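Fold and contact review
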Amino acid sequence: MTILRNYRGRFAPSPTGPLHFGSLVTALASYLEAKSCEGRWLVRIEDLDPLREPSEATGEILNSLDAHGLFSDEPVVFQSRRHEVYHSAIEHLLNQGRAYRCSCSRKELQTNHGRHPQQCRSNNFSINKVAIHNVANNHQPFAIRYALNDEQCQWRDQLLGPQHQTVRSEIDDPVLLRKEGFFAYQLAVVVDDIEQGITDVVRGSDLLEMTAQQRQIYRALGATPPRWLHIPVILNDQGQKLSKQNRAPALDNDRPVKNVFEALVALGQEPPASLLMGSVTDSLEWACGHWHRGAIHLTHR
Ligand code: GLU
């Protein structure tokens, strides 16, 4: 594996529930990629939506990562404490004409095939200054969206290879600030990855289709996009993504060695059974030394 001395990776869970096996697999893959490149590995809690996040979830996730020997190399960043930074980024995008306010309801957009019945994009660019002042108010009657460019986007995933994604302006324009006053994932993830100097994003392939849009937001904020590596998501017995929404069971923090062993198997690595007799530190050491991303089964969904 090439050693990238400036490698900076991260694990960025949304605290909608405790850590489950699928999120351990993602955390471990990002950790092993970073460590095997002699890079740094950071943890960021993406707590942007208090309505979907039980208050205990952040503590549970951090405890679970600790129990599995996965320690952030820098202080953990919490998105809930970074609203001013997101606010400035939105102001910048509004000023550049890359964002606009939109008061269409989800239903209106759906029935209109994603086109804005109130022609938000063209109408609003002229009055964006007003929007800037209103950004800080909760429950404003509009969302702020990013104005995408039409694009046939091509980029290369570190695991999946060449990607071709179509970006449709207006129809795909992502929300940056929700009507309820919450900053949205598409904005915060890019702003923070830029500010934390993340060079490599390793995450679940359920986020693959977000990437082309995120590349445009990177550029609008004057930054070069990172490398991305999307790992297959882990499915439950019913073929659904293992997720908090599907009530994936919380990891048992009393069995970290077994959990890490199983996560390595899910990532196509071939850990020797002897690891089960050792400590979680032994397992992680073995895994860093033997990490082989090419062994991740692309068919293992
Ligand atoms: N917070 C996102 C999630 O938990 C992941 C963000 C990312 O890795 O880009 O699904």
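Note that residues are indexed from 1 along each chain, following the sequence as it is written. With pLDDT at 70 or above as the cut-off, local features in this predicted model cover only qualifying residues; side-chain atom pairs require 80 or more to be listed or tallied, and sums for whole chains, interfaces and linings still use all residues. Side-chain numbers come from the whole structure's heavy atoms, not from hydrogens or water.

Details of the sheet that holds strand β1 (residues 8-11)
Note on sheets: strands pair through backbone hydrogen bonds, and any given pair is parallel or antiparallel. As a reminder of what qualifies: The criterion for strand pairing is that DSSP finds at least two bridges linking the strands in question. For helices the rule is a DSSP run of H or I covering at least 4 residues; for strands it is a run of E covering at least 2, with both sets numbered from the N terminus onward. Throughout, a contact is declared for two residues whenever any of their heavy atoms are within 4.5 Å. To define axes, lines are fitted to C-alpha atoms, for helices over the stretch in contact only, and angles between the resulting N-to-C directions are given on a 0 to 180 degree scale.
Pairing in this open sheet of 3 strands is parallel, and the strands run β1-β2-β3 from one edge to the other. Each edge of the sheet is formed by a strand with only one pairing partner; in this case those strands are β1 and β3 (77-78). Packed onto the sheet, helix α1 (residues 21-36) meets β1 and β2 (40-45) and runs at close to 150 degrees relative to β2.

Comments concerning unusual backbone geometry
Where we set the bar: Accessible area is worked out with a 1.4 Å probe on protein chains only. A residue is then buried under 20% of its type maximum, exposed over 50%, and partly exposed in between.
One non-glycine residue, Glu38, lies in positive phi territory at about 55 degrees. Here Glu38 is to be found in the loop between α1 and β2. You can call Glu38 partly exposed: its relative accessible area is 47%. In this structure, Glu170 is a non-glycine residue whose phi angle is positive, near 70 degrees. Among the secondary structure elements, Glu170 is positioned in the loop between β7 (161-167) and β8 (175-177).

What to know about the site of the ligand
To be explicit about the condition: Proximity criterion: a residue is near a molecule or strand once any of its heavy atoms comes within 4 Å of it. Pairing of N or O atoms within 3.5 Å defines a polar contact, subject to two protein rules: one partner must be a possible hydrogen donor and the other a possible acceptor, and residues neighboring in sequence count only if both atoms are side-chain atoms. To measure how exposed things are, a 1.4 Å probe is used in the Shrake-Rupley method; for residues, cover is taken only from the protein chains shown.
With respect to spatial proximity, the complete set of residues near the ligand consists of Arg10, Ala12, Pro13, Ser14, Glu46, Tyr185, Val189, Arg203 and Leu207. One nitrogen or oxygen atom from the main chain of Ala12 is found 2.7 Å from a nitrogen atom belonging to the ligand. Between the ligand and Glu46, the relevant distance is 2.6 Å, taken from a nitrogen atom to a side-chain nitrogen or oxygen of the residue. Considered on its own, the ligand offers 300 Å² of accessible surface; in the complex 82% of this is hidden by protein.

Comments concerning the pattern of salt bridges
Note the threshold: What counts as a salt bridge is simple: a side-chain nitrogen of Lys or Arg found within 4 Å of a carboxyl oxygen of Asp or Glu.
By the definition in use, this model includes 18 salt bridges. Close ionic contact of Glu33 with Arg293 constitutes a salt bridge, the shortest N to O distance being 2.8 Å. Taken together, the positions of Glu33 in helix α1 and Arg293 in the segment after α10 (280-290) put the pair 260 residues apart, joining distant regions of the chain. Residue Glu33 is classed as buried on the basis of its relative accessible area, which comes to 2%.

Details of the UniProt feature "binding site: L-glutamate" (unreviewed entry) in the protein
Here is the rule: UniProt positions are given in the numbering used here, feature names are shortened, and annotations may be inferred rather than shown by experiment.
Annotation from UniProt places "binding site: L-glutamate" (unreviewed entry) at Arg10, Phe11, Ala12, Pro13, Ser14, Glu46, Tyr185 and Arg203. Relative to the helices and strands, Arg10 is located in strand β1. Arg10 has contacts with Ser30, Trp41, Leu42, Arg44, Val189, Asp193, Ile198, Asp200, Val201, Val202 and Arg203, leaving out every residue within four places of it along the chain. Within the local environment of Arg10, its side chain forms a polar contact with the side chain of Asp193, the two groups lying 2.9 Å apart. Its location among the elements puts Arg203 in strand β9 (residues 200-204). The buried category is assigned to Arg203, whose relative accessible area is 4%. Apart from residues lying up to four places away in sequence, Arg203 is in contact with Arg10, Thr26, Tyr185, Thr211, Gln214, Trp228, Leu229, His230 and Ile231.

Regarding the sheet that holds β8
Here 3 strands make up an open sheet; going across it, the order is β4-β5-β8 and the pairing antiparallel. Every other strand in the sheet has two partners, leaving β4 (99-102) and β8 as the edge strands with one partner each. Here the strands of the sheet are splayed against their neighbours by 40 degrees on average, with no regard to which way each runs.

With respect to the packing of aromatic side chains
Each aromatic ring pair is characterised by the separation of its centres together with the angle its planes make. For clarity, the threshold we go by: Stacked, edge-to-face and tilted are the three classes for Phe, Tyr and Trp ring pairs, Trp counted by its six-membered ring, which pair at centre distances within 6.5 Å; planes under 30 degrees apart are stacked, over 60 edge-to-face, the rest tilted.
Under the defined criterion, the tally for this structure stands at 4 aromatic pairs. Taking the centre distance of 5.2 Å and the plane angle of 85 degrees together, the rings of Tyr31 and Trp41 count as edge-to-face. With a gap of 10 residues between them, Tyr31 in helix α1 and Trp41 in strand β2 connect regions that are remote in the sequence. Here Tyr31 matches Trp41 in class, with each residue buried.

Considerations on helix α9 (residues 256-266)
With 8 of 11 residues buried, α9 lies mostly within the body of the structure. Looking at α9, one finds that the buried residues are Pro256, Val257, Asn259, Val260, Phe261, Ala263, Leu264 and Ala266. Next to the buried residues of α9 lie α1, α2 (57-67) and α10. Following α9 by one or two positions, Gly268 has its phi on the positive side, about 80 degrees.

A word on the packing of helix α3 (residues 83-95) against helix α7 (residues 185-195)
Just so we agree on the cut-off: Under this scheme an angle from 65 to 115 degrees is roughly perpendicular, one under 35 degrees roughly parallel, and one over 145 degrees roughly antiparallel; angles in between are oblique. Any residue that is not Ala, Val, Leu, Ile, Met, Phe, Trp, Tyr, Cys, Pro, Asp, Glu, Lys or Arg is counted as polar, Gly included; the first ten are nonpolar and the last four charged.
Running from N to C, α3 and α7 cross one another at 105 degrees; their axes reach a closest spacing of 10 Å. Judged by the angle between their axes, α3 and α7 are roughly perpendicular. The segment α3 lies against α7, with Val85, Tyr86, Ala89, Ile90 and Leu93 engaging Leu187, Ala188, Val191, Asp192 and Glu195. In terms of residue class, the contact of α3 with α7 is made up of 8 nonpolar, no polar and 2 charged.

A short note on the environment of Leu176
Mapped onto the elements, Leu176 comes out in strand β8. Given a relative accessible area of 0%, Leu176 falls into the buried group. Separated by 47 residues in the primary sequence, Leu176 and Ala223 place their C-alpha atoms 18 Å from one another.

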